[in-house]
Every structure is written in structure tokens, then in C-alpha cells.
Amino acid sequence: MRKKIAALAIAGGALMALVVPVSSAQAAPSGQCDRWSDSNTFGAGRCNLAGTGSWVRAVATCNNGAVVVGAEVPATSMSYVYCAGKGGLRPGSGAYFTR
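Small disclaimer: the values here were computed from a predicted structure and weren't measured. (Residues numbered from 1 in each chain as written. Predicted model: local features only at pLDDT ≥ 70, side-chain atom pairs only at ≥ 80, totals over all residues. Heavy atoms only, no water.)

A. Just the state of the cysteines, in detail. Inspection of every chain in the model, using the stated rule, returns 2 disulfides. Disulfide pairing is shown between Cys-33 and Cys-47; the S-S distance is 2.0 Å. Looking down the S-S bond of the Cys-33 and Cys-47 bridge, the torsion is 105°, so its handedness is right-handed. Of this pair, Cys-33 sits in strand S1 (residues 32–37) while Cys-47 sits in strand S2 (residues 41–48), placing them 14 residues apart in sequence. The two residues Cys-33 and Cys-47 agree in class, both being buried. Here the bonded cysteines of the protein chain are numbered in sequence order, and their pairing is 1-2, 3-4. (Disulfide = S-S within 2.5 Å. Helix = DSSP H or I, 4+ residues; strand = E, 2+ residues; numbered from the N terminus. Buried < 20%, exposed > 50% of the residue type's maximum accessible area, 1.4 Å probe, protein only.)

Put into C-alpha cells, the structure is as follows:
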């Protein structure tokens, strides 16, 4: 029983070691990216990153509460999220992450 608990603790710690750096690395936008939105769509990209990263990902919340995450694309492109069929884009909810 002790071996099983120790194995689970080690596995859990390894999983956290993999998850925490990724989420903290994407915790805040860096650089300046263009933003675009309408009532259903948010997009971000064409970034001036000054060497801080080469990828961008858009994220937003829809009016029904769904959080939508766009594709990670080169920072010279645009990443889009869509809330059509989900009550539309919640005003002010669009954001982006770079790496």
C-alpha cells in the first residue's frame, strides 16, 4: 500500500512539473498584437514581439459562458475564436497569449 501511494505521489508531482511551467509561461501577453472583433468573433495576431516569441493564440468567453481557444499560429498570422451559436462574443472578453 505504501509503495502504491508513493508511486501516485511521484506520478502526480511529475505531472505538475509538466503542467505548471506551460501555464505560467502563457500567463500574460507579451509584445503588441493587433486585435479584431465583431459580435461573434475575436482575433489577435500580426504581433510586434521584439524577439519575445513567435506564436500567438486567441482566447475569449462567449455569452453562454463557454471559453473558446483559438489555434496557435505564427505571430505574423491571426488566431481567431468563434462564438456563433454560443450566444455571441462576451464584450471585452478577448485576449491573446504569445510564446
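B. Region of the structure containing the sheet that holds S2. Ordered by their spatial adjacency, 3 strands build an open sheet running S1-S2-S6, and the pairing between neighbours is antiparallel. Either end of the sheet is taken by a strand with one partner, and the two such strands are S1 and strand S6 (78–82). On average, adjacent strands in this sheet sit at an angle of 20° to one another, irrespective of strand direction. Note that S2 and S6 share 5 bridges and pair antiparallel. In the strand pairing of S6, Gly-43 is matched with Tyr-80. (Pairing = 2+ DSSP bridges. Axes fitted to C-alpha atoms, helices over the stretch in contact; angles between N-to-C directions.)

C. Quick look at the pattern of salt bridges. In total, this model carries 3 salt bridges according to the counting rule given. The residue Glu-72 makes a salt bridge to Arg-57 at a minimum N-O spacing of 3.9 Å. Of this pair, Glu-72 sits in the loop between strand S4 (67–69) and strand S5 (73–74) while Arg-57 is found in strand S3 (residues 55–61), placing the two residues 15 residues apart along the sequence. You can call Glu-72 partly exposed: its relative accessible area is 26%. The residue Glu-72 makes a salt bridge to Arg-99 at a minimum N-O spacing of 2.7 Å. Within this pair, whereas Glu-72 is found in the loop between S4 and S5, its partner Arg-99 is found in the segment after strand S7 (95–98), the two being separated by 27 residues in sequence. (Salt bridge = Lys/Arg side-chain N within 4 Å of Asp/Glu carboxyl O.)

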